[in-house]
Amino acid sequence: MVRALADLGWIVGRNLQIDYRYMIGKSQRFDDQAVELVSLAPDVLLANSTPATRALQQATKTIPIVSPKSLIRSQAAW
């Protein structure tokens, strides 16, 4: 993903910051992690699971949330 973004001009440390959170087996912490990520005031959030997406949706109503599934559906529509 980072390489593909770089090909589009998005360079980590220059005009891109990526903050990862891993919640495997710790679903009870999704809400806390979502609030923490939202507090960083990102331009966009990426969620790779339904529980993560739901937690982010509860934590913000203003920051766009993207999931790989929605990207696949969007590309299929083209």
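Read on for a plain summary of the structure. (Residues numbered from 1 in each chain as written. Predicted model: local features only at pLDDT ≥ 70, side-chain atom pairs only at ≥ 80, totals over all residues. Heavy atoms only, no water.)

1. Side note on the nonpolar core
Alright, step 1. One finds Met23, Phe30, Ala34, Leu37, Val38, Leu45, Ala47, Ala52, Ala55, Leu56 and Ile63 forming the largest nonpolar core, which totals 11 residues.
Alright, step 2. Among the elements of the structure, α2 (30-39) and α3 (50-59) are those that each provide at least two residues to this core.
Alright, step 3. The element contributing the most residues to this core is α2, with 4 residues.
Alright, step 4. Residues within four places of leucine 45 in sequence aside, it is in contact with Leu37, Val38, Leu56, Thr60, Ile63, Pro64, Ile65 and Val66. (Core = buried A, V, L, I, M, F, W, Y, C linked by side-chain atoms within 4.5 Å. Buried < 20%, exposed > 50% of the residue type's maximum accessible area, 1.4 Å probe, protein only. Helix = DSSP H or I, 4+ residues; strand = E, 2+ residues; numbered from the N terminus. Contact = heavy atoms within 4.5 Å.)

2. Observations regarding α3
Alright, step 1. Considered for burial, the residues of α3 that qualify are Ala52, Thr53, Ala55 and Leu56. For α3, the angular spread of the buried residues around the axis is 165°, confining them to a single face. Exposed positions of α3 whose direction lies more than 90 degrees from the buried face are Arg54 and Gln58.
Alright, step 2. Check the buried side of α3 and you find it contacts α2, β1 (45-46) and β2 (65-66).
Alright, step 3. By the N-cap criterion, in which a side-chain oxygen at the helix start approaches the backbone nitrogen of a residue two or three places on, α3 is capped by serine 49, the distance to alanine 52 being 3.2 Å. (Arc of directions from axis to C-beta. Polar contact = N/O pair within 3.5 Å; in protein donor to acceptor, adjacent residues only side chain to side chain.)

3. Digging into the side chain of threonine 60
Alright, step 1. Relative to the assigned elements, threonine 60 resides in the loop between α3 and β2.
Alright, step 2. Within the structure, threonine 60 has its side chain in polar contact with the backbone nitrogen of threonine 62 (distance 3.1 Å).
Alright, step 3. In this structure the side chain of threonine 60 is engaged in a polar contact, spanning 3.1 Å, whose partner is the backbone nitrogen of isoleucine 63.
Alright, step 4. Not counting residues up to four positions away in its chain, the partners in contact with threonine 60 are Val38, Leu45 and Ile65.

4. Focus: unusual backbone geometry
Alright, step 1. One non-glycine residue with positive phi stands out, namely alanine 41, at about 55°.
Alright, step 2. Following the sequence through the fold, alanine 41 ends up in the loop between α2 and β1.
Alright, step 3. A relative accessible area of 57% places alanine 41 in the exposed class.

5. Section: the layout of surface pockets
The rolling of a water-molecule-sized probe over the atoms marks out the regions of remaining empty space.
Alright, step 1. Here the largest pocket defines a volume of roughly 1,200 Å³.
Alright, step 2. Taken together, 30 residues form the lining of the largest pocket, with Ile18, Asp19, Val44, Leu45 and Leu46 sitting closest to its centre.
Alright, step 3. For the lining of the largest pocket, the secondary structure elements donating two or more residues are α2, β1 and α3.
Alright, step 4. A per-class count over the lining of the largest pocket returns 22 nonpolar, 5 polar and 3 charged. (1 Å grid on protein atoms, 1.4 Å probe; cavity = no way out; pocket = protein on both sides within 12 Å on 5 of 7 lines; lining within 4 Å. Points joined across faces, edges and corners; volume = space filled by probe spheres on them. Nonpolar A, V, L, I, M, F, W, Y, C, P; charged D, E, K, R; others polar.)

6. A word on α2
Alright, step 1. Looking only at α2, the buried set comprises Phe30, Gln33, Ala34, Leu37 and Val38. Projected down its long axis, α2 shows its buried positions confined to an angular sector of 135°, all on one face. Structural note: α2 exposes Asp32, Val35 and Ser39 on the side pointing more than 90 degrees away from its buried face.
Alright, step 2. As for α2, its buried residues are in contact with β1 and α3.

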